[in-house]
Amino acid sequence: MTREVKVGRVLDASAEAVWSVLADFGNIASWNGGVKASHSTSDESGGVGATRHCDLAPVGQLEETIVEWSHAERMVVRIDSAKRLPIKEALVDFDLRPVGSDTPERTEVTITYRYDTKLGVLGAATGPVLDRQLSSGFEGFLDDLGDAAAFRPTHAMMLNLASGLRVGRGAQ
């Protein structure tokens with residue numbers, strides 16, 4: 001039986017900034033406290049077909065593949081393998097929506113996690129406990145994502161900075 005956990009929140013960062021963090025697919029361990037180590041396992045670093053390996057804290061390993069990619073709007077990641085975890089298979093949807101036209105620096109992020117357990121009847125019985133653990137884990141994920149996105153320069157910010165530097169040099 002497939003179970004579903006859904007969490008969401010508004011982050012104080014633009015959709016572009018949030019996306020730049022999520023899109024750096026192989027480097028999730030650089031900002032997510034729930035991941036000890038990570039690396040890309042494909043030639044693609046992002047986009048549909050990109051894959052990664054994650055060593056989780058405190059225990060577990062994941063092999064993941066991006067199966068849907070809509071820039072700054074939606075990413076769907078398939079968990080291909082979960083070692084030392086009770087998860088048989090899963091899909092994780094990350095949906096981003098800018099909040100308000102007057103506040104482009106805020107983004108609603110919704111994570112929907114659909115999964116099947118490895119434990120059969122026992123897995124079904126422990127499902128509510130696992131749901132609570134996963135919800136808590138994804139709340140921590142959103143904390144870390146918000147922090148990382150708040151400090152990640154977007155492409156537009158870098159262009160503005162470069163433009164300012166050119167203008168500043170000319171004024172000397």
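Right above here is the structure, for reference.
Because the structure is predicted, anything quoted here is derived from the model rather than measured.

(A) Examining the packing of aromatic side chains more closely. Following the criterion strictly, the structure yields 6 aromatic pairs and no others. With centroids separated by 5.2 Å and ring planes inclined at 70°, the aromatic side chains of tryptophan 31 and phenylalanine 141 adopt a geometry described as edge-to-face. Of the two residues, tryptophan 31 is situated in the loop between helix H1 (15–23) and strand S2 (35–40) and phenylalanine 141 in helix H2 (residues 120–150); the sequence distance between them amounts to 110 residues. The exposure class of tryptophan 31 is buried, given its relative accessible area of 12%. Ring centres of phenylalanine 138 and phenylalanine 141 lie 6.5 Å apart, and the angle between their planes is 75°; on these two criteria the pair is classed as edge-to-face. Residue phenylalanine 138 and its partner phenylalanine 141 are both found in helix H2; the two are separated by 3 residues, about one turn of the helix. It is arginine 52 that lies over the ring of phenylalanine 25; its NZ or CZ is 3.8 Å from the centre.

(B) Representation of the nonpolar core. Val18, Ile111, Tyr113, Phe141 and Leu145 are the most contacted members of the largest nonpolar core, which has 41 residues in total. Within the residue set of this core, elements represented by two or more residues are strand S1 (3–11), H1, strand S3 (51–56), strand S4 (61–70), strand S5 (74–83), strand S6 (87–98), strand S7 (107–117) and H2. Sort the elements by how many residues they give to this core and H2 lands first, with 8 residues.

(C) The pairing of S7, seen in detail. Burial of S7 is extensive: 9 of the 11 residues sit out of reach of the surface. Sheet topology note: the S1/S7 ladder contains 9 bridges and is antiparallel. From the neighbouring strand, valine 5 faces S7, where its bridge partner is tyrosine 113. Inspection of the sheet shows S6 paired to S7 by 11 bridges, in the antiparallel sense. Counted as the bridge partner of aspartate 95 is threonine 110 from S7.

(D) Fine view of the environment of valine 5. Within the secondary structure, valine 5 is located in strand S1. When the C-alpha positions of valine 5 and phenylalanine 138 are compared, they lie 9.2 Å apart, and in sequence the two are 133 residues distant. For valine 5, the residues in contact, after removing those within four places along its chain, are Ile111, Thr112, Tyr113, Tyr115, Asp131, Leu134 and Ser135.

Cut-offs applied
- Each residue is numbered by its place in its chain's sequence as written, counting from 1.
- Restriction of local features to residues with pLDDT of at least 70 applies here, the model being predicted, together with a cutoff of 80 or more for giving and counting side-chain atom pairs; totals for whole chains, interfaces and linings are based on all residues.
- Only hydrogens and water are set aside; all other atoms, that is, all heavy atoms of the structure, feed into the side-chain values.
- Under the pairing criterion, centres of Phe, Tyr and Trp rings, with the six-membered ring standing for Trp, must be within 6.5 Å; the plane angle then separates stacked pairs below 30 degrees from edge-to-face pairs above 60, leaving the rest tilted.
- Every helix listed is a DSSP run of H or I at least four residues long, and every strand listed is a run of E at least two residues long, numbered separately from the N terminus.
- Buried, partly exposed and exposed residues are distinguished by accessible area as a fraction of the type maximum, computed with a 1.4 Å probe on protein chains only: under 20%, between the cut-offs, and over 50%, respectively.
- Criterion for a charge above a ring: Lys NZ or Arg CZ within 6 Å of the ring centre, and within 35 degrees of the ring normal.
- Buried residues of nine kinds, namely Ala, Val, Leu, Ile, Met, Phe, Trp, Tyr and Cys, make up a nonpolar core once their side-chain atoms join them within 4.5 Å.
- Strand pairing follows a simple DSSP-based rule, namely that at least 2 bridges must link the two strands.
- The contact criterion used throughout is that any non-hydrogen atoms of two residues lie within 4.5 Å.

What is shown is where atoms sit, not what they do.
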